[in-house]
Amino acid sequence: MADAVVPRLTQLLAPVVTASGHDLEGLEVTPAGRRRVVRMVVDRDGGVSLDDVADVSRAVSEALDDIDAREPALLGGAYVLEVSSPGVDRPLTEPRHWRRNVGRLVTAVLADGTSETGRLTAADDDGVELGGRRVAHADLVRGKVQVEFNRPDAPASEESDVDGDHPDDDDDDADEDDGDDAADDAADDDEPDTEERA
């Protein structure tokens, strides 16, 4: 049953995330004492803000409560939800991943076993422009964004973005839902974004 949890939750939650205007980039479920921790990674064109994470957390939390009522054996009743945006270490494997990193320095692993590092200047559904060379998606295995402390084309707001995430990204985002929405809305944006259900 444990092996079926992630595929089933992905099937049920992906439409919820899509409806919020985001893509579900990753989902994992791990035991934590009597609870399970549901970790989700979401992204969208233009990056994910703290408000985006909070919106997705609320929508997914409601969906999980409904799922738990209909399929109680899936999560076992108690869970903690963590929603975050992708970090710089997440591989570029889909056309949308490449598109969202145009302008960054990227190392691409190619299907012929070689690799190439260059500035990603364009990306579409057919391929990418990397270091002045056009590479089809069929010839790409994966890519990795390289950390740059002083990106030549970075806007002023991104100059201190040393970890290579989107400017609004925060992998440690979490939003604790204790049932008091008013208090949650007034909470500092730097608080971790976690939803917990008993």
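Residues numbered from 1 in each chain as written. Predicted model: local features only at pLDDT ≥ 70, side-chain atom pairs only at ≥ 80, totals over all residues. Heavy atoms only, no water.

**Q** Break down the pattern of salt bridges for me, citing the residues and quoting the values.
**A** Under the criterion given, the structure shown has 16 salt bridges. E25 is the partner of R100 in a salt bridge, and the nearest nitrogen-oxygen pair spans 3.4 Å. Placement of R100 in the loop between α4 (95–99) and β4 (105–110) and of E25 in strand β1 (residues 23–32) is noted, with a sequence separation of 75 residues between them. For the pair R100 and E25, one class covers both residues: buried. (Salt bridge = Lys/Arg side-chain N within 4 Å of Asp/Glu carboxyl O. Helix = DSSP H or I, 4+ residues; strand = E, 2+ residues; numbered from the N terminus. Buried < 20%, exposed > 50% of the residue type's maximum accessible area, 1.4 Å probe, protein only.)

**Q** Mind laying out helix α2 (residues 50–70), listing which residues take part and the relevant values?
**A** With 21 residues, α2 extends 30 Å between its outermost C-alpha atoms, agreeing within 8% with the 30 Å of an ideal straight helix rising 1.5 Å per residue. Buried residues of α2: D52, V53, A54, V56, S57, V60, S61, A63, L64, I67 and D68, and no others. (Expected span 1.5 Å × (residues − 1).)

**Q** Talk me through the sheet that holds strand β6 (residues 127–130); I want residue IDs and the actual numbers.
**A** Ordered in space as β7-β6-β5-β4-β8, the five strands form an open sheet in which the pairing is antiparallel. Only two strands of the sheet have a single neighbouring strand rather than two, namely β7 (133–136) and β8 (140–145). Averaged over all pairs of adjacent strands, the angle between their axes in this sheet comes to 45°, without regard to strand direction. Here five bridges tie β4 to β8, and the two strands are oriented antiparallel to one another. (Pairing = 2+ DSSP bridges. Axes fitted to C-alpha atoms, helices over the stretch in contact; angles between N-to-C directions.)

**Q** Give a detailed account of the nonpolar core, specifying residues and quantitative values.
**A** Core analysis: the biggest nonpolar cluster contains 22 residues, and L9, L13, M40, V60, L64 and L81 have the highest contact counts within it. Counting only elements with at least two residues in this core, the list comes to α1 (2–19), β1, β2 (35–43), α2, α3 (72–75) and β3 (79–84). Per-element accounting of this core gives the leading share, six residues, to α2. Among residues more than four places away in sequence, those in contact with V60 are L13, V16, V17, M40 and L81. In terms of nonpolar packing, the next biggest core, distinct from the first, is built from 13 residues, V88, L110, L130 and L140 among them. (Core = buried A, V, L, I, M, F, W, Y, C linked by side-chain atoms within 4.5 Å. Contact = heavy atoms within 4.5 Å.)

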